[in-house]
Amino acid sequence: MSRINPEADQADDVLRLSLDAKATVKVGDFSRGGKSRVKRKAADHDFKPSLTLTPYGIFLPRYDDLYLYFTASPVTADFMVDMLDRWWRKRRRQFAGVKALVINQDNGPENQSRRTQFLKRMVEFAQSHELLIRLAYYPPYHSKYNAIDHCWGTLETHWNGELLEDVETVLNFARSMPWNGTHPVVELVRGTYQKGVRLSARAMKDIEAEVERLPKLGKWFVDIHGNKIALG
């Protein structure tokens, strides 16, 4: 990782992304600790929230650009790839010369490199956009090195002590979060994603034929050649 990330950041035709989901946020008049600028009374007990929202982030370390997608749905493999695809379709003109994406992630249950539905969707994404995708995972207990994790700490500090009583309040706090002299782009994603979608062993064999795993580190570094070029 110490070699792959700097090389990606220095290459004109490679873009590095840092992806991750934050812990689910309860929507309601719950105390969140800290102090608020406005005197408000929170609920006496932690009753069942009216809704929960999970933020999913796409961060560009080279440019300090941050994109946050909030969902009430489970953050599944399909959700993650859909957000990546949504982001790329909106931003690809900005990165017209980019031929490869290096994606930093934690090796979680929904996006790990052996997760059949995630790998299938990533192969489809790479081929659809004719991109080389390099999945570069951080090992367990090393998520603090994933750049997106610093964004979550800033967000938690920003709304610390506030009552996140409805969806719009959550989104407005996220939009006003200070981030290196600017603010993140924030979207609410509607719809529900189904958990537990998996491929058969036969289907997965076909998907594995489309990827290249680094010898002895195949769980942590995976190349998907959607454009038939190779990274160093």
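Residues numbered from 1 in each chain as written. Predicted model: local features only at pLDDT ≥ 70, side-chain atom pairs only at ≥ 80, totals over all residues. Heavy atoms only, no water.

Caption draft 1: Local environment of the overall build of the protein chain. Looking only at helices and strands, one finds six helices and nine strands in the protein chain. Here the contacts in the protein chain between residues at least 6 apart in sequence split such that 75% fall between residues at least 24 apart. Total accessible area computed for the protein chain in this model is approximately 12,200 Å², and 49% of it derives from carbon and sulfur atoms. Across the protein chain, 35 positive and 29 negative side-chain charges occur, with their mean positions spaced 2 Å apart. (Helix = DSSP H or I, 4+ residues; strand = E, 2+ residues; numbered from the N terminus. Contact = heavy atoms within 4.5 Å. Areas by Shrake-Rupley, 256 points an atom, 1.4 Å probe, with all protein chains shown as cover. Lys, Arg positive; Asp, Glu negative; His and termini not counted. Charge placed at Lys NZ, Arg CZ, Asp CG, Glu CD.)

Caption draft 2: Here's a closer look at the pattern of salt bridges. In the structure shown here, the tally under the stated rule is 15 salt bridges. Here Arg89 makes a salt bridge to Asp85, at a shortest N to O gap of 2.7 Å. Of this pair, Arg89 and Asp85 are both found in helix H2 (residues 77-91), four residues apart, which corresponds to roughly one turn of the helix. Given the relative accessible area of 45%, Arg89 is considered partly exposed. Among the residues examined, Asp85 registers a relative accessible area of 17% and is labelled buried. Between Arg213 and Glu208 there is a salt bridge, and its shortest N-O distance comes to 2.7 Å. A relative accessible area of 18% means that Arg213 is categorised as buried. (Salt bridge = Lys/Arg side-chain N within 4 Å of Asp/Glu carboxyl O. Buried < 20%, exposed > 50% of the residue type's maximum accessible area, 1.4 Å probe, protein only.)

Caption draft 3: Region of the structure containing the nonpolar core. Within the largest apolar cluster, 49 residues are counted, with the highest numbers of intra-cluster contacts made by Trp87, Leu101, Met122, Ile133, Leu135 and Ile224. Here the element with the most residues in this core is H2; it accounts for eight residues. Setting aside residues up to four positions removed in sequence, Leu135 forms contacts with Ile103, Gln105, Phe118, Leu119, Met122, Trp220, Phe221, Val222 and Ile224. (Core = buried A, V, L, I, M, F, W, Y, C linked by side-chain atoms within 4.5 Å.)

Caption draft 4: Looking closely at the packing of aromatic side chains. Summed over all chains, the structure comprises seven aromatic pairs. On the numbers, 5.6 Å between centres and 85° between planes, the contact of Phe59 with Trp179 is edge-to-face. You can see Phe59 sitting in strand E3 (residues 51-60) and its partner Trp179 sitting in the loop between helix H5 (167-176) and strand E7 (185-189), a full 120 residues away along the chain. Its relative accessible area of 4% is what places Phe59 among the buried residues. For Trp179, a relative accessible area of 8% corresponds to the buried category. A network of ring pairs unites the aromatic residues Tyr63, Tyr67, Trp87, Trp88 and Phe95 as a single cluster. (Phe/Tyr/Trp six-rings, centres within 6.5 Å; stacked < 30°, edge-to-face > 60°.)

Caption draft 5: Empty space enclosed by the protein, seen in detail. According to the stated counting rule, one finds one cavity of 30 Å³ or more in the structure shown. Of the voids in this model, the largest cavity is the one considered here, and its volume is about 30 Å³. Lining the largest cavity, in full, are Leu19, Tyr56, Met80, Val81, Leu84, Ile103, Gln105, Phe118 and Met122. Elements represented by at least two residues in the lining of the largest cavity include exactly H2, strand E5 (100-106) and helix H3 (116-129). For the lining of the largest cavity, the per-class residue count stands at eight nonpolar, one polar and no charged. (1 Å grid on protein atoms, 1.4 Å probe; cavity = no way out; pocket = protein on both sides within 12 Å on 5 of 7 lines; lining within 4 Å. Points joined across faces, edges and corners; volume = space filled by probe spheres on them. Nonpolar A, V, L, I, M, F, W, Y, C, P; charged D, E, K, R; others polar.)

Caption draft 6: Highlighting the side chain of Thr76. Relative to the helices and strands, Thr76 resides in the loop between strand E4 (65-71) and H2. Non-local contacts of Thr76, meaning those with residues more than four positions away in its chain, are made with Glu110, Tyr193, Gln194 and Lys195.

Caption draft 7: Quick peek at the pairing of strand E6 (residues 132-138). Counting buried positions along E6 yields seven of seven residues, so the element is predominantly enclosed. Judged by which residues are buried, E6 turns out to be covered on both faces: Leu132, Arg134, Ala136 and Tyr138 on one side and Ile133, Leu135 and Tyr137 on the other are all buried. In the sheet, E5 pairs with E6 via seven bridges, with the strands oriented parallel. Among the inter-strand pairings, Ala100 is bridged to a residue of E6, identified as Leu132. In this fold, the crossover linking E5 to E6 by way of H3 has right-handed handedness. As paired strands, E6 and strand E9 (residues 221-225) are joined by five bridges and run antiparallel to one another. If you follow Ile133 over to E9, its bridge partner there is Ile224. (Pairing = 2+ DSSP bridges. Right-handed = clockwise from strand over helix to strand, strands pointing away.)

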